[in-house]
Amino acid sequence: MSADAELFSVLNRRQQINTALENGEEVKHTYRVVNVYTEFHEFSRKEIKDYQATFSKYDVGNDGYLDLTELKMMMEKLGAPQTHLGLKGMIAEVDEDNDGKISFREFLLIYRKARAGELESDSGLGQLARLTEINVDEVGVNGAKNFFEAKIEQQLMTNKFHDEIRQEQEEKRQMEEERVIRRQQFQQRAAVFQ
């Protein structure tokens, strides 16, 4: 989300609160969990990054939300077009802040509900979850094989985030060691010319 969009969102929320208070209405406090990795612990970091890539692909306005038009386009491209009312129903099912759009966090709720078996397979959200889970046309048969192997491995892991973070740290450490070795080799070769 850009700084302008974030500022607009905060100011808009502040205006809504002020208006509600002036009218004597009760104001519900809303809290947002910032870290999707800790909130959606059932997904691996790679899965969340893949979902983020899918979300960004269809977030044509780059505003951090999928609106009705973007959701319509997404469902059409996935080969499961929906009616206008069907699209509104899909948004309403996961739209926790009632803004009429799907944020990335709400987008992840679709996959959480799909995993928990809370979505009907023929519903719009059920089709969305199923169709965006893995696209063999994009990743090929080996990609699909890797995807399903990763799913099985994920179910076997007990503390996946710890393992993933440790693996990322190990990769960074190896890259740094390789960089140091290359630097030393370069300095040795450069010494020949001095």
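A brief look at the structure comes next. Nothing here was measured: the structure is a model prediction, and the numbers come from that model.

About the thresholds
- Residues numbered from 1 in each chain as written.
- Predicted model: local features only at pLDDT ≥ 70, side-chain atom pairs only at ≥ 80, totals over all residues.
- Heavy atoms only, no water.
- Helix = DSSP H or I, 4+ residues; strand = E, 2+ residues; numbered from the N terminus.
- Buried < 20%, exposed > 50% of the residue type's maximum accessible area, 1.4 Å probe, protein only.
- Contact = heavy atoms within 4.5 Å.
- Areas by Shrake-Rupley, 256 points an atom, 1.4 Å probe, with all protein chains shown as cover.
- Phe/Tyr/Trp six-rings, centres within 6.5 Å; stacked < 30°, edge-to-face > 60°.
- Salt bridge = Lys/Arg side-chain N within 4 Å of Asp/Glu carboxyl O.
- Expected span 1.5 Å × (residues − 1).
- Core = buried A, V, L, I, M, F, W, Y, C linked by side-chain atoms within 4.5 Å.

Our focus in this paragraph is the overall build of the protein. When helices and strands are tallied, the protein shows nine helices and two strands. Split into buried and exposed, the 194 residues of the protein put 28% on the buried side. Long-range pairs, those at least 24 residues apart, make up 50% of the contacts in the protein with a sequence separation of at least 6. Within the structure as shown, the protein displays about 13,800 Å² of accessible surface, and the carbon and sulfur contribution to it stands at 52%.

Within the structure shown, the criterion is met by six aromatic pairs. Taking 4.0 Å as the distance between ring centres and 15° as the angle between the ring planes, the aromatic pair formed by Y51 and Y111 counts as stacked. Remark: Y111 occurs in helix α6 (residues 104–115) and Y51 occurs in helix α3 (residues 45–58); sequence separation between them is 60 residues. Of the two residues examined, Y51 and Y111, each falls in the buried class. Centre to centre, the rings of F107 and Y111 are 5.3 Å apart; their planes meet at 75°, and the pair counts as edge-to-face. One end of the pair is F107 and the other is Y111, both in helix α6 and four residues apart, which spans about a single turn. The two residues F107 and Y111 agree in class, both being buried.

Turning next to the pattern of salt bridges. Between side chains of opposite charge, pairing is possible as soon as their charged atoms come close. Applying the stated criterion to the full structure yields ten salt bridges. Here E96 ties to R105 by a salt bridge, and the two come within 2.6 Å at their closest N and O atoms. Where R173 meets E177, a salt bridge forms, and the shortest distance between an N and an O atom there is 2.2 Å. Of this pair, R173 and E177 both sit in helix α9 (residues 160–192), four residues apart, which is roughly one turn of the helix. With a relative accessible area of 39%, E177 lands in the partly exposed category.

Moving on: helix α1 (residues 3–22). The end-to-end C-alpha distance of α1 is 28 Å, a good match for the 28 Å that 20 residues give at a rise of 1.5 Å each. Count one or two residues on from α1 and you reach G24, which has phi positive near 75°.

Of all hydrophobic cores here, the largest spans 28 residues; its most connected members are L71, M74, F104, F107, I110 and L128. Looking at this core, the elements that each hand over two or more residues are α3, α4 (68–77), α5 (84–94), α6 and α7 (124–133). Ranked by the residues each element gives to this core, the list is headed by α6, at six residues. When residues no more than four places from it in sequence are discounted, the contact partners of I110 are V94, L119, L125, L128 and A129.

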